[in-house]
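Fold and contact review
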Amino acid sequence: MGVGLHWDDVEIGDRFRTLGRTITEADITAYVAAVGMVEEMFTNLEYIQEVSVIGARPVPGSLVFCTAEALLMQSTMQRTGMAFLEADIKVHSPTAAGDTIHVECEVVEARATSKPGRGLLRTSNKVVNQRGEVVLTYNPLRMVKSKPTP
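The structure reproduced in this document is the subject of the present report. These numbers were taken from a predicted model, which means no experiment stands behind them.

Considerations on the pattern of salt bridges
All told, the structure shown has 10 salt bridges when counted by the stated rule. Among the ionic pairs, arginine 15 bridges to glutamate 106, the shortest N-O distance being 3.2 Å. Of this pair, arginine 15 sits in strand β1 (residues 15-17) while glutamate 106 sits in strand β5 (residues 100-112); the two residues are 91 residues apart in sequence, bridging distant segments of the chain. Relative accessible area serves as the criterion here: at 25%, glutamate 106 is assigned to the partly exposed category. The salt bridge involving glutamate 86 is made with arginine 122; its shortest N-O contact spans 2.7 Å. Pair noted here: glutamate 86 is in strand β3 (residues 81-86) and arginine 122 is in strand β6 (residues 118-129), with a separation of 36 residues, a long-range link. For glutamate 86, a relative accessible area of 41% translates into the label partly exposed. Owing to a relative accessible area of 15%, arginine 122 belongs among the buried residues under this scheme. If you follow the salt bridges from partner to partner, you end up with Glu86, Glu109, Arg111 and Arg122 in one network.

Spelled out as structure tokens, the structure:
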């Protein structure tokens, strides 16, 4: 219980969904301060109310991605994930403060590497908000541990 998936625990086509998480004003404030993303669109509520096309404080796309990764870490990679190798990321629509997201994940590649004890695992991930809208997609390739030998 609580240990992540090994690359050889899954099969191509396996699907799962993470728990959800609401991205709050505090999350946005902490994130933009931590990474130095101090653009007015994220830091000035008066400016946001005057010019925002979404009518609310937007969540940086990189924060949406990081939150999605955190949701996946909690459910699939504890003690089994070894490395995040690559991903194509696409933002489809804005996420605003107060939106709740979850990740819908499908295994699209799972294979051994040339070194024992590890494999490569690629998933197709959809980040979905509380209205059922896909807000971000990405397809990470990860190095993941193999099942322990008995």
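Still more ground to cover, so stick around.
Let's talk about the pairing of strand β8 (residues 141-145)
In terms of residue burial, β8 counts as a mostly covered element, since four of its five residues are buried. Here four bridges tie β3 to β8, and the two strands are oriented antiparallel to one another. Bridge pairing links glycine 81 to valine 144 in β8. By the bridge criterion, five bridges tie β6 to β8 in an arrangement that is antiparallel. Residue pairing across strands places arginine 118 opposite lysine 145, the latter belonging to β8.

A word on the packing of aromatic side chains
One pass over the full model with this rule turns up two aromatic pairs. Ring centres of phenylalanine 65 and phenylalanine 84 lie 6.2 Å apart, and the angle between their planes is 75 degrees; on these two criteria the pair is classed as edge-to-face. Highlighted residues: phenylalanine 65 in helix α4 (residues 61-77) and phenylalanine 84 in strand β3, separated in sequence by 19 residues. One aromatic cluster in this structure is built from Phe65, Phe84 and Tyr138.

Rules used in this analysis
- Residues numbered from 1 in each chain as written.
- Predicted model: local features only at pLDDT ≥ 70, side-chain atom pairs only at ≥ 80, totals over all residues.
- Heavy atoms only, no water.
- Salt bridge = Lys/Arg side-chain N within 4 Å of Asp/Glu carboxyl O.
- Helix = DSSP H or I, 4+ residues; strand = E, 2+ residues; numbered from the N terminus.
- Buried < 20%, exposed > 50% of the residue type's maximum accessible area, 1.4 Å probe, protein only.
- Pairing = 2+ DSSP bridges.
- Phe/Tyr/Trp six-rings, centres within 6.5 Å; stacked < 30°, edge-to-face > 60°.

Take it as geometry only, folks, not as evidence of what the structure does.
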